Amino acid sequence: MNIQWYPGHMTKARRAMQEDIKLIDLIIELVDARVPISSRNPDIDELGRQKARLVLLNKADLAGDKGNDAWIRWFKEQGVEAVKLDSRSRAGLKQIQEAIAKACKEKIERDRRRGILNRPVRAMVVGIPNVGKSTFINSYAGKACARTGNKPGVTKGNQWIRLNKSVELLDTPGILWPRFESEEVGVRLALIGSINDQILDRHRLAMELIRILEADYPGTLRERYGVETESEDAKIREDGDGSDGGVKITDKRAGGILEDIGRVRGCLMKGGQCDTEKAAGLMLDDFRSGKLGRITLEFPLSQEE
């Protein structure tokens, strides 16, 4: 699946961010803990080269503990402060203030040497669409000061929020980048809901998810939906002799599993035919909400087997 999405308003949002970046001390970047690298906009690195950085692995409750811990270690190895976060339940919020102080240690010490005391850290909150920036700000501030939604593009313009005497936040719209570097990145971003579903082939996307789950989380679909998935004669080896040990589910088998899920969940049309579009939507919603379990879609290279 070759997925690309870069609507015009994102170009305008990037220009606004470029203008505002000179006003801030710290970039707080939210990423989706299930895909921490795929959900990082490479433009942020270019725009924020001279700024302190803090990465928040949001939606950590939807990713596996092993993956979360591996990514925290990986970011720290890159010299970047990182914190696991579940903005909805407020888990991890208590660590944010300390992490901000660590990330801005040089700035705070520089102010102190100049006799500037208690000047608040001005932080820009950035991230791709639907990664949870507004929910994080609302939870951190303890009030609904930024709009939230479960679809990309809710925040339309930049807005300053004063949290307390020590931190001010600049909320920004979620922006992607003009071209994803690989098909895998596009698929992962589509799976977590960062791309407008209206432009996607959800049937094909659900089949991709089935392949991923069968390869990395076998038994998940059987446990959630009660469907049989592990028929060996319905799988083919990725290469002729199967020397890599991996398996790949054929389109026919992935489509069959999706149809089985649809029938189990009552996604039927007149005449008893399975409504696979509805089944695909149901399955994607289950993944995005965590009903399929805690699933990490990518690991640091040093952690991959």
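Going by the structure above, here's the rest.
Parameters at a glance
Positions within a chain are numbered from 1, following the residues in the order the chain's sequence is written. Per-residue local features are limited, in this predicted model, to residues with pLDDT of at least 70; the limit for side-chain atom pairs, both in listing and counting, is 80 or more; totals at the level of whole chains, interfaces and linings are taken over all residues. The basis for every side-chain value is the complete set of heavy atoms in the structure, and neither hydrogens nor water enter the calculation. Strands pair, by our definition, only if DSSP identifies at least two bridges between them. Think of it this way: any DSSP run of H or I at least four residues long counts as a helix, any run of E at least two long counts as a strand, and we number them from the N terminus. When the strands point away from the viewer, a crossover counts as right-handed if the route from the first strand across the helix to the second turns clockwise. Relative accessibility under 20% of the residue-type maximum defines a buried residue, over 50% an exposed one, and the middle range a partly exposed one, all with a 1.4 Å probe and only protein chains included. We call a set of buried Ala, Val, Leu, Ile, Met, Phe, Trp, Tyr and Cys residues a nonpolar core when their side-chain atoms join them within 4.5 Å. In what follows, residue pairs with any heavy atoms lying within 4.5 Å of each other are defined as contacts. Each axis is a line fitted through C-alpha atoms, taken for helices only over the stretch in contact, and angles between the N-to-C directions span 0 to 180 degrees. Orientation categories follow fixed angle ranges, with anything under 35 degrees roughly parallel, anything over 145 roughly antiparallel, 65 to 115 roughly perpendicular, and all other angles oblique. Polar here means any residue other than Ala, Val, Leu, Ile, Met, Phe, Trp, Tyr, Cys and Pro, which are nonpolar, and Asp, Glu, Lys and Arg, which are charged; Gly is therefore polar.

A few points about the pairing of strand β3 (residues 81-84)
Judged from the four bridges that link them, strand β2 (residues 52-58) and β3 form a sheet pairing that is parallel. In the strand pairing of β3, L57 is matched with K84. Once you follow β2 into helix α3 (residues 65-77) and on to β3, the crossover reads as right-handed.

Side note on unusual backbone geometry
One non-glycine residue, K59, lies in positive phi territory at about 60°. Residue placement: K59 occurs in the loop between β2 and α3. Overall, the relative accessible area of 16% leaves K59 in the buried class.

Considering the nonpolar core
Formed by 74 residues in total, the largest nonpolar core has its most connected members in I28, F136, L169 and M283. Ranked by the residues each element gives to this core, the list is headed by helix α8 (residues 202-216), at six residues. Excluding its chain neighbours within four sequence positions, the residues that come into contact with L169 are I28, A123, V125, F136, I137, Y140, Q159, W160, I161 and L163. Listed in part, the 11 residues of the second largest apolar core include V31, V55, L57 and A82.

Some words on the side chain of S38
Secondary-structure assignment places S38 in the loop between β1 (26-32) and α2 (42-47). Residues in contact with S38, not counting those within four places in the same chain, are W177, V185, R188, L189 and E298.

A closer look at the packing of helix α7 (residues 183-191) against α8
The axes of two packed helices give the description: the angle between them and the distance between them. Contact pair α7 / α8: the axes reach a minimum separation of 11 Å and the direction vectors enclose 100°. Looking at the two axes, α7 sits roughly perpendicular to α8. Side by side, α7 and α8 meet where V187, A190 and L191 of the first sit next to L205, E208, L209 and I212 of the second. Of the residues that constitute the contact of α7 with α8, the class distribution is six nonpolar, no polar and one charged.

Purely geometric numbers; function is a separate question.
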